[in-house]
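# Observations on chain architecture
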Amino acid sequence: MDHLSNHPETAEMQETDAAHHLHPFTDTAALNEKGARIITSAKGVMLRDSDGRQVLDGMAGLWCVNIGYGRNELADVAARQMRELPYYNTFFQTSHPAVIKLAERIAQLTPGDLNRTFFSCGGSDANDTNIRLVRHYWASLGKPEKTVIISRTNAYHGSAIGSASLGGMSAMHAQGGLPIPGISHIAQPYWYADGGDLSPEEYGLVAARALEAEIERLGEANVAAFIAEPVQGAGGVIVPPSTYWPEIQRICDAHEILLIADEVITGFGRTGNWFGCQTYGIRPDIMTIAKGLSSGYQPIGGSVVSEKVAAVFAQTGGEFAHGYTYSGHPVAAAVALENLRILDEEHIVETVGADTGPYLEQRWAGLADHPLVGQARSSGMMAAIEMTPDKSARAPFETPGSIGPICRDFCIENGLVMRHVGDKMIIAPPLVISRDEIDQLIEKAVKSLDQTLAAATEQGLMKPGTR
Ligand SMILES: *Cc1c(COP(=O)(O)O)cnc(C)c1O
């Protein structure tokens with residue numbers, strides 16, 4: 001593998017990157033000033049950069065490398081599949097063995113009667129599929145006016161025009177004229193910021209009942225579906241109060257609307273069960289999957305639909321005029337299948353549920369004792385801390401978003417990838433992280449928090465603001 005590690009010098013690569021590469025979710029001017037951090041190889045939970053530094057990847061790439069880096073089995077399967085059948089499509093009445101086996105395996109693993117998968121290349125296009133799918137579903141049943149999809153503020157459902165509209169990120173909506181018509185947003189179940197004097201359980205009910213109010217406001221006859229992440233990920237690991245999902249499920253059952261669970265992050269073990277739906281007691285009609293489906297080794301996602309939804313397509317739907325050239329790509333499908341075999345046979349999901357997840361929860365909860373931390377929360381292998389200048393008031397900083405980047409930079413210096421969302425710090429490490437590596441992660445996080453507190457105090461940033 002020597003030819004792979006024989007890179008040009010870091011500065012030279014940064015210069016070429018700046019000249020020719022437009023990066024996603026990046027301030028290009030700021031990046032080009034600084035130069036990109038260049039990751040050259042990885043193994044287990046550790047990344048190696050072009051200067052040879054080792055960094056613990058607290059984010060599993062972008063929430064996706066569930067089985068960890070460096071699993072040669074997946075490389076071998078990809079090479080074998082490329083030699084045998086590198087590509088064929090699944091349009092126009094054709095199929096191939098890899099996608100057939102993967103579709104069957106997903107049906108076995110997903111709860112309830114989620115038995116059929118429409119494949120995509122990732123989560124964004126799967127959610128775009130869902131918009132068309134639910135509207136086509138209701139039109140096929142003679143209810144073409146049921147088109148509106150209810151989502152939540154601060155949700156992340158992807159970056160294509162449809163999925164970014166489903167999402168509730170104001171910075172994304174501000175660019176390019178989003179959201180598209182026919183999408184409405186209700187509040188997120190974010191007790192820490194929005195719960196005021198209510199208990200988390202009381203606030204969970206209030207937040208859930210916003211769905212019922214919105215259905216009534218729009219008119220049930222116009223509503224196609226509600227979409228939500230079991231735990232909001234990119235929004236800052238917003239773990240819902242225990243009362244939230246049972247009440248959402250009750251409301252969906254009481255009304256004629258479809259429930260879409262976006263499990264792109266929570267699927268494939270992240271919360272300690274195979275799916276977040278199992279952790280939170282959700283019975284979706286459609287489930288969005290991607291990321292952990294292949295542990296990020298290949299781009300693949302999908303919409304898994306229940307028998308109720310599939311039946312309409314089988315009976316009255318006619319042709320669903322929708323598909324991607326790479327829907328069910330053979331190499332991606334074969335790699336995903338191998339990833340699911342490893343997750344299953346190595347009991348990786350069970351280990352998160354019974355051992356390393358509870359261990360992370362306990363160690364992470366200890367961070368709440370730090371003077372800079374207002375709350376520490378987690379669900380399996382995803383977790384967040386809220387940084388605050390005033391713990392008892394759960395106060396934001398006078399200048400919101402001023403502290404998160406400082407902490408993020410200290411983390412990197414200390415050899416840890418921890419992401420900031422405003423002034424929240426979040427992690428979602430590979431599911432294979434060991435207890436010993438969790439200890440290392442916590443140690444680096446504490447050191448970074450100490451340095452952040454010192455820097456913020458020195459710069460006069462520890463002033464509370466108002467929400
Ligand atoms: C990442 C993500 C998506 C988008 O997936 P892509 O593969 O980046 O298109 C959608 N939904 C959720 C919940 C995500 O976290």
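Residues numbered from 1 in each chain as written. Predicted model: local features only at pLDDT ≥ 70, side-chain atom pairs only at ≥ 80, totals over all residues. Heavy atoms only, no water.

This part covers the overall build of the chain. Each helix and strand in the chain was counted, giving 18 helices and 15 strands. What you see for the chain is a C-alpha radius of gyration of 22 Å, in line with the 23 Å of a compact globule of 467 residues. Oriented by its inertia axes, the alpha-carbon framework of the chain measures out at about 65 × 60 × 45 Å. Across the 467 residues of the chain, 54% fall into the buried class. Partitioning the contacts of the chain with sequence separation of at least 6, the portion at a separation of at least 24 is 72%. Accessible surface, the chain: about 20,100 Å² in total, of which carbon and sulfur atoms supply 53%. Side-chain charges in the chain split into 36 positive and 55 negative, and the spacing between the mean points of these groups amounts to 2 Å. (Helix = DSSP H or I, 4+ residues; strand = E, 2+ residues; numbered from the N terminus. Rg over C-alpha atoms; globule rule 2.2 N^0.38 Å. Buried < 20%, exposed > 50% of the residue type's maximum accessible area, 1.4 Å probe, protein only. Contact = heavy atoms within 4.5 Å. Areas by Shrake-Rupley, 256 points an atom, 1.4 Å probe, with all protein chains shown as cover. Lys, Arg positive; Asp, Glu negative; His and termini not counted. Charge placed at Lys NZ, Arg CZ, Asp CG, Glu CD.)

Taken across its 5 residues, strand β8 (residues 258-262) has 5 buried, putting it largely inside the fold. Here β8 shows two buried faces, one formed by L258, I260 and D262 and the other by L259 and A261. The pairing of strand β7 (residues 223-228) with β8 spans 4 bridges and is classified as parallel. Across the sheet, residue I227 finds its bridge partner in β8, namely I260. Each parallel crossover has a hand, and the one from β7 via helix α12 (residues 244-254) to β8 is right-handed. With 3 bridges joining them, β8 and strand β9 (residues 286-289) adopt parallel strand pairing. For D262, the partnering residue across the bridge sits in β9 and is T288. (Pairing = 2+ DSSP bridges. Right-handed = clockwise from strand over helix to strand, strands pointing away.)

In this structure the tally under the stated criterion is 8 aromatic pairs. Where F118 meets F320, the ring centres are 5.8 Å apart and the plane angle is 70°; that geometry is what we call edge-to-face. Of this pair, F118 sits in strand β4 (residues 114-120) while F320 sits in the loop between α14 (307-315) and α15 (330-345), and the two are 202 residues apart along the sequence. Take F118: its relative accessible area is 22%, and that puts it in the partly exposed class. Centre to centre, the rings of F313 and F320 are 5.3 Å apart; their planes meet at 80°, and the pair counts as edge-to-face. (Phe/Tyr/Trp six-rings, centres within 6.5 Å; stacked < 30°, edge-to-face > 60°.)

Taken as a whole, the chain is organised into domain 1 (44-67 + 347-458) and domain 2 (72-345). Taken residue by residue, the interface counts 32 residues in domain 1 and 35 residues in domain 2. Between domain 1 and domain 2 lies a buried interface of about 2,700 Å² when both sides are counted; carbon and sulfur atoms form 58% of it. Where domain 1 touches domain 2, the interface holds 0 salt bridges. Put simply, domain 1 and domain 2 have 17 residue pairs in polar contact (both at pLDDT 80 or more) between them. Contributing elements (two or more residues each) for the side of domain 1 that touches domain 2: α4 (60-63), α16 (348-365), β11 (373-379), β12 (382-387), β14 (419-421) and β15 (424-427). For the side of domain 1 that touches domain 2, the element with the most residues is β11, which contributes 5 residues. Its residues assigned to classes, the side of domain 1 that touches domain 2 comprises 18 nonpolar, 9 polar and 5 charged. (Domains from an automatic or database assignment. Buried area = accessible area lost by both parts, 1.4 Å probe. Salt bridge = Lys/Arg side-chain N within 4 Å of Asp/Glu carboxyl O. Polar contact = N/O pair within 3.5 Å; in protein donor to acceptor, adjacent residues only side chain to side chain. Nonpolar A, V, L, I, M, F, W, Y, C, P; charged D, E, K, R; others polar.)

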